[in-house]
Amino acid sequence: MSERVVLVGYGPVGARLVEGLLPAVREGRIDLTVVGAEPHDVYNRVLLAEYAVGRTDRDALDMSDRRVAEDVGVRFALGTTVVGIDRDLRAVRLHDGIRIPYDRLVLATGARANVPTLAGLERAQRHRSTRPADPSALDQGSAPLPRGVVALRDLADAEHVRAAVSAGQRIVVLGAGVLGMELALAAAEAGAEVVVAYHSAAPMNRTLDENGGRVLAAAASAVGVEMMHHARAESIVQRYDDHGQAWFDGLVCADGKVLAGDLLVLSCGVGARTELASLSSLATSAGVLVDASSRSWTDPNVFAIGDCAHVADPAEADADGRVPGGPSGLVGPGWRQADRLAALLSSGVDVPTPVERPGVVMLKAEGIDVVAGGAVDADPFSHAPGCHGPQVTLWADPARGAYVKLVTVEGVLTGFVSVGMPRTGAELTLLFERGSELPADRSSLLRLDAADAGMPAVGDPFAADATVCWCNGVSAGAIREAVSAGEPTVACVKSATRAGTGCGGCVGRITELLAREAVPA
């Protein structure tokens, strides 16, 4: 008899699980039903900014062919909301009252954009402790965001941004994380007038140290993005059109300054969608609490993967029930969770959980090279030479937009920031990935970006075991094998290896590798 599996959520991570379960569905071992709140087929949210500024078309966002899964026997209920879970009877209840029974339930509900506590946005905030009168509004505030305010989390948001960019309007971006900066830089390049407001002293403060962020801010200003640091937003002001409808007109800061604009894009982080799990008495913290096998702490028949999953050992909870960590927020770890869970549900094989190394963050922006990884906040002057603990090496040329910070422990690179130094950044990424020691002469890394650079790198970024795609863990060797068996194109590499189908930050490296392979020996 088939085991009934219900998947709630059809984003990139949910779609990866569907793909992994197809053989078992085809063989009749699993009966799979997928429930998705959005009416669209799965698409790549990471690339929404690319679509919003006109760099790519809608088709490029598609990630899966639902018809293939339907032909195998997977049932889809898209544009449908799950409003309740009856764990005793093992059934989910949809917003229209229909109940779907399950033997195993998988939550892949993802995350929602955080709505900041600004006057004018109060009704759009979702309070976890509030149970809505209408069950279908489980995941929403009491009112939608005001007109002219978006969060760029779905296709509808992207269409609003795309219209504003096309019209050359003034866009205010609240928040200067990696996604906010990517959008701001891309929109400015596409012809929009852009201002970025952020509370910290420098952008990307969760990824870069302050000096690296300040060099990035200067580079962004040089290409036309207005950077407003220490801008504590307090409220929005609105204007009324001829039909009496209110629209965003400006962002008011604590110092009284009003940042006027036609569109406000909220880039204030995300929070896991845990309301459904909480109302079903499943353990939650920063996400749905699951073990290393993605199994709920509370119910062995319930699993969670992706941005809604908080992977932790129950022994890690303190006396007050607080649990460290939270969802990774990256698509790569979510895909690996989906792959392991597919193996577990299909054949009962509990695949060993790999140790997730700290990720490398790359800013996708034309002409501005930023890459960072690991912990980078170490004080460069807190340790004397020869002492144990983190050691820091700095090099800065702010006038030319270049900055490098290296953090090592016993010679091994544990954190780094590279701004405006593309070759050095590539080399540091490779050393960080491998947990390698840095060369004794740290300055040799800087010379990689010199105009007359001729010295070989410490490591080959295109060696067979070098990771090219971090999201999918695809090596240069695997890409070469795919090319030898197919066509030397990025599309072929994506199809054969999945490289380049996540955040898109590795497409440039794939293109460079293909170009190198095409050069005759």
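The following paragraphs examine the structure supplied in this document. (Residues numbered from 1 in each chain as written. Predicted model: local features only at pLDDT ≥ 70, side-chain atom pairs only at ≥ 80, totals over all residues. Heavy atoms only, no water.)

### What to know about the nonpolar core
Counting residues in each nonpolar core, the largest one holds 48 residues, and the members touching the most others are Met181 and Val196. Among the elements that make up this core, the one with the highest residue count is helix α5 (residues 178–189) (seven residues). Residues contacting Val196, with those up to four places away along its chain left out, are Val173, Gly175, Ala176, Met181, Ala184, Val225, Glu226, Met227 and Met228. Core analysis: the next-biggest nonpolar cluster, separate from the first, contains 44 residues, Ile30, Val72, Ile305 and Val468 among them. (Core = buried A, V, L, I, M, F, W, Y, C linked by side-chain atoms within 4.5 Å. Buried < 20%, exposed > 50% of the residue type's maximum accessible area, 1.4 Å probe, protein only. Helix = DSSP H or I, 4+ residues; strand = E, 2+ residues; numbered from the N terminus. Contact = heavy atoms within 4.5 Å.)

### Comments concerning the pattern of salt bridges
Proximity of charged atoms lets side chains of opposite charge pair with each other. In the structure shown here, the tally under the stated rule is 23 salt bridges. Between Arg55 and Glu50 there is a salt bridge, with its nearest N and O atoms 3.7 Å apart. Put simply, Asp41, Arg66 and Glu70 are held in one network by salt bridges that share partners. (Salt bridge = Lys/Arg side-chain N within 4 Å of Asp/Glu carboxyl O.)

### Re helix α9 (residues 422–434)
Counted at 1.5 Å a residue, the expected span for α9 with its 13 residues is 18 Å, and the 19 Å between its end C-alpha atoms agrees. Among the residues making up α9, those that are buried are Thr424, Gly425, Glu427, Leu428, Thr429, Leu430, Leu431, Phe432 and Glu433. Looking at the packing, one finds that the buried side of α9 touches β21 (360–363), β22 (370–374), β24 (402–409), β25 (412–419), α10 (443–446) and β26 (467–469). Once α9 finishes, Gly435 follows within two positions and takes phi at roughly 65 degrees, a positive value. (Expected span 1.5 Å × (residues − 1).)

### Points about helix α4 (residues 155–166)
Its twelve residues give α4 an end-to-end C-alpha distance of 16 Å, which sits within 8% of 16 Å, the value for a rise of 1.5 Å per residue. Here α4 has its buried residues at Leu155, Asp157, Ala158, Val161, Ala164 and Val165. Its buried side turned inward, α4 meets α2 (48–52), β9 (149–150), β10 (170–174), α5 and β16 (263–266). Looking at where α4 begins, the residue whose side-chain oxygen comes 3.2 Å from the main-chain nitrogen of Ala156 is Asp154. (Polar contact = N/O pair within 3.5 Å; in protein donor to acceptor, adjacent residues only side chain to side chain.)

### Some remarks on the side chain of Thr424
Position of Thr424 among the secondary structure elements: in helix α9. Within the structure, Thr424 has its side chain in polar contact with the backbone oxygen of Leu445 (distance 2.8 Å). For Thr424, the residues in contact, after removing those within four places along its chain, are Val404, Ser418, Leu445, Leu446, Leu448 and Asp449.

### A word on the packing of aromatic side chains
Inspection of the entire model under this criterion finds two aromatic pairs. The ring of Phe76 is capped by Arg66, whose NZ or CZ atom sits 5.8 Å from the centre of that ring. (Phe/Tyr/Trp six-rings, centres within 6.5 Å; stacked < 30°, edge-to-face > 60°. Lys NZ or Arg CZ within 6 Å of the ring centre and 35° of its normal.)

### Examining unusual backbone geometry
Unusually for a residue other than glycine, Ser281 sits at a positive phi of about 65 degrees. Summarising the element assignment, Ser281 is placed in the loop between α7 (275–279) and β18 (288–290). Located in the positive-phi region is Glu410, a residue other than glycine, with phi close to 55 degrees. If you trace the backbone, Glu410 turns up in the loop between β24 and β25. Glu410 gets classed as exposed once you look at its relative accessible area, which sits at 66%.

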